[in-house]
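The residues making up each chain are set out below.
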There are 2 protein chains.
Amino acid sequence: MSGVPLSAVKYYQREGLLPEGVRSAPNQVEYGEAHVRRVRLIRALLETGGLSIAATKNVIASLDTDSESLAETFSVAQNAMSTPRTAESTPSDASRQRVLALATGQGWAFLPQNPGIDAAARALDGLLAIGFDPPESYLAAYATAAATVAEADLQALDTRDGIDAVAELMVVGTVLGDPLFGGLRRLAHEDATHTLRPTHDTK
Amino acid sequence: MSGVPLSAVKYYQREGLLPEGVRSAPNQVEYGEAHVRRVRLIRALLETGGLSIAATKNVIASLDTDSESLAETFSVAQNAMSTPRTAESTPSDASRQRVLALATGQGWAFLPQNPGIDAAARALDGLLAIGFDPPESYLAAYATAAATVAEADLQALDTRDGIDAVAELMVVGTVLGDPLFGGLRRLAHEDATHTLRPTHDTK
């Protein structure tokens, strides 16, 4: 019913991501609709989102935690999704300050613990490490694009009925919006290579 | 000189990512400028880009391969960066078709093997799996944002002197642009939660 192989469901249970189904007969286990929905969510987070088992546990815990507002649910989910992959190194103060200046320059209101600050600052450190100091126009293009996508993400929440469905899209959309954007960016790169620099060769 | 600990440099060498330095004395090894630059690049790909050792090897091989045009270098790098994480499952045909329609609707020119198609299609499958069928306006916002960022990425290449420096920014910028955007998107999310839905509560 969930479109997920039984072996995967059993793996999720072994890893503590999913409660056991109700045993209705010696060889049969029944799964309710909420259970099926949760299986799909776990698969989406693990496979498409690329989250670790531990990060997936955190995201699910955030959905199961009562939170008071949309902003709080977002915050819990975002922090749960700060995977070890992006948490490996502390970004430089200079890059953090530059991200903060960029975001406040856009008029954005956010809390100092938003995990996006360090994620963007770490990326900036990486660009600086290869000797690329991004001009303000480059950073402004990224910020404009982020605002465009964030507005579409928030509007999408209005299409959902019920608290769980809104929170679920918040979490899954935050995770999957990154590869959706990344995929389209690679297509746009190829197009831009043809159209913006048609005659430019690297040789 | 590279700002990378010697233990990390030795690890890169053991993994075959980096050639040995020139031994100038029994206890001293000399590293040239190209070597130092390569160490920084490997660190950026592994730590900030979150690539595996195998994917990092592929990216470095793509830099060291003579390629004929900017488009070709981009293509080699993009394919090298299709990490196992996003290559785990085959996306549905329906989602692939939808991504292709979105991209061609933007007037983008690209080859059918561009890895962005499957990456975006897989993300779309994940959204559909939780019952969110994105409206065209949602996908169009993502495509517009991707075009904005891709143009800035291409313009940034003009600031680089020399083939190696251009190719290096292509590869590193493709990898690090994703977390840069993702970080800013999380900041924009928090702001949008306050400003677009100031009174909306999930309770």
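Note that the structure is a prediction, hence the values are computed from the model and not measured. (Residues numbered from 1 in each chain as written. Chains lettered and ligands numbered in written order. Predicted model: local features only at pLDDT ≥ 70, side-chain atom pairs only at ≥ 80, totals over all residues. Heavy atoms only, no water.)

With respect to the overall build of chain A
Per the secondary structure count, chain A includes 8 helices and 2 strands. Tracing chain A from N to C terminus, the helices and strands come up as α-β-β-α-α-α-α-α-α-α. For chain A, buried positions account for 51% of its 203 residues. Counted over contacts in chain A with a minimum sequence separation of 6, partners at least 24 positions apart contribute 60%. Within the structure as shown, chain A displays about 9,100 Å² of accessible surface, and the carbon and sulfur contribution to it stands at 51%. (Helix = DSSP H or I, 4+ residues; strand = E, 2+ residues; numbered from the N terminus. Buried < 20%, exposed > 50% of the residue type's maximum accessible area, 1.4 Å probe, protein only. Contact = heavy atoms within 4.5 Å. Areas by Shrake-Rupley, 256 points an atom, 1.4 Å probe, with all protein chains shown as cover.)

Brief notes about the interface of chain B and chain A
Taken together, the 92 residues of chain B in the interface contact 92 residues of chain A. Overall, the association of chain B and chain A removes approximately 8,700 Å² of surface from exposure, summing both partners, and the carbon and sulfur fraction of that is 67%. Where chain B touches chain A, the interface holds 6 salt bridges. The shortest N-O distance in the salt bridge between Arg185 of chain B and Asp153 of chain A comes to 3.0 Å. Our count for the chain B to chain A interface comes out at 30 residue pairs in polar contact (both at pLDDT 80 or more). Within the residue set of the side of chain B that touches chain A, elements represented by two or more residues are helix 2 (33–48), helix 4 (70–80), helix 6 (93–105), helix 7 (115–129), helix 8 (136–157) and helix 9 (163–196) of chain B. Looking at which element gives the most residues to the side of chain B that touches chain A, the answer is helix 9 of chain B, with 26 residues. Taken together, the residues of the side of chain B that touches chain A break down into 46 nonpolar, 25 polar and 21 charged. (Buried area = accessible area lost by both parts, 1.4 Å probe. Salt bridge = Lys/Arg side-chain N within 4 Å of Asp/Glu carboxyl O. Polar contact = N/O pair within 3.5 Å; in protein donor to acceptor, adjacent residues only side chain to side chain. Nonpolar A, V, L, I, M, F, W, Y, C, P; charged D, E, K, R; others polar.)

Looking at the packing of aromatic side chains
The description of an aromatic ring pair rests on the distance of the ring centres and on the angle between the ring planes. For the coordinates displayed, the defined rule picks out 7 aromatic pairs over all chains. Pairing Phe181 of chain A with Phe181 of chain B gives two aromatic rings, centres 3.6 Å apart and planes at 5°, and the pair type is stacked. Of this pair, Phe181 of chain A sits in helix 8 (residues 163–195) while Phe181 of chain B sits in helix 9, on two different chains. The residues Phe181 of chain A and Phe181 of chain B share a single accessibility class, namely buried. On the basis of an interplanar angle of 80° and a centroid distance of 5.3 Å, the ring pair of Phe132 of chain B and Tyr138 of chain B is categorised as edge-to-face. Across the pair, exposure class does not vary: Phe132 of chain B and Tyr138 of chain B are buried alike. (Phe/Tyr/Trp six-rings, centres within 6.5 Å; stacked < 30°, edge-to-face > 60°.)

Here we look at the pattern of salt bridges
Overall, the coordinates contain 15 salt bridges over all chains when judged by the stated rule. Arg96 of chain A serves as the salt-bridge partner of Asp118 of chain A, at 2.7 Å between the closest nitrogen and oxygen. Here Asp118 of chain A is found in helix 6 (residues 115–129), whereas its partner Arg96 of chain A is found in helix 5 (residues 93–105), with 22 residues between them in sequence. Among the residues examined, Asp118 of chain A registers a relative accessible area of 25% and is labelled partly exposed. For Arg96 of chain A, a relative accessible area of 23% translates into the label partly exposed. Across the pair Glu168 of chain B and Arg160 of chain B runs a salt bridge, and its minimum N-O distance is 2.9 Å. Of the residues examined, Glu168 of chain B reaches a relative accessible area of 5% and is grouped as buried. Salt bridges sharing common partners tie together Asp153 and Asp178 of chain A together with Arg185 and Arg186 of chain B.

Here's the deal with the nonpolar core
Counting residues in each nonpolar core, the largest one holds 94 residues, and the members touching the most others are Leu184 of chain A together with Leu184 of chain B. Not counting residues up to four positions away in its chain, the partners in contact with Leu184 of chain A are Val99, Leu102, Trp108, Ala120, Tyr142, Ala143 and Ala146 of chain B. (Core = buried A, V, L, I, M, F, W, Y, C linked by side-chain atoms within 4.5 Å.)

Some remarks on the side chain of Arg160 of chain B
Residue position: Arg160 of chain B is located in the loop between helix 8 and helix 9. With relative accessibility at 9%, the residue Arg160 of chain B sits in the buried group. A distance of 3.2 Å separates a polar atom in the side chain of Arg160 of chain B from the backbone oxygen of Ile130 of chain A. The residues contacting Arg160 of chain B, other than those within four sequence positions of it, are Ile130, Gly131 and Phe132 of chain A together with Arg37, Ala165, Val166, Glu168 and Leu169 of chain B.

Overview of the relation of the copies chain B and chain A
One copy of the chain maps onto the other through a rotation about an axis plus a displacement along that axis. Expressed as a screw transformation, the operator carrying chain B onto chain A has a rotation angle of 180° and an axial translation of 0.0 Å, and the superposed copies differ by an RMSD of 0.0 Å. Here the two chains are linked by the operation of a two-fold rotation axis. Minimal C-alpha distance to the rotation axis in chain B is attained by Ala145 of chain B, lying at 2.1 Å. Interface residue correspondence from chain B to chain A reaches 100%, placing this contact among same-surface, isologous pairings. (Least-squares fit on C-alpha atoms with pLDDT ≥ 70 in both.)

Some thoughts on the environment of Ala54 of chain B
All names here are of chain B. On the secondary structure map, Ala54 appears in helix 3 (residues 53–64). Judged by relative accessible area, which is 49%, Ala54 ranks as partly exposed. Sequence separation between Ala54 and Gly16 is 38 residues, and the spatial gap between their C-alpha atoms is 10.0 Å.

Regarding the packing of helix 7 (residues 136–157) of chain A against helix 8 of chain B
Where helix 7 of chain A meets helix 8 of chain B, the closest approach of the two axes is 9 Å, and the angle between their N-to-C directions is 170°. Accordingly, the angle class assigned to the pair helix 7 of chain A and helix 8 of chain B is roughly antiparallel. Contacts from Tyr138, Ala141, Tyr142, Ala145, Thr148, Val149, Ala152, Asp153 and Ala156 of chain A in helix 7 of chain A reach Tyr138, Ala141, Tyr142, Ala145, Thr148, Val149, Ala152, Asp153 and Ala156 of chain B in helix 8 of chain B. (Axes fitted to C-alpha atoms, helices over the stretch in contact; angles between N-to-C directions. Parallel < 35°, antiparallel > 145°, perpendicular 65-115°, else oblique.)

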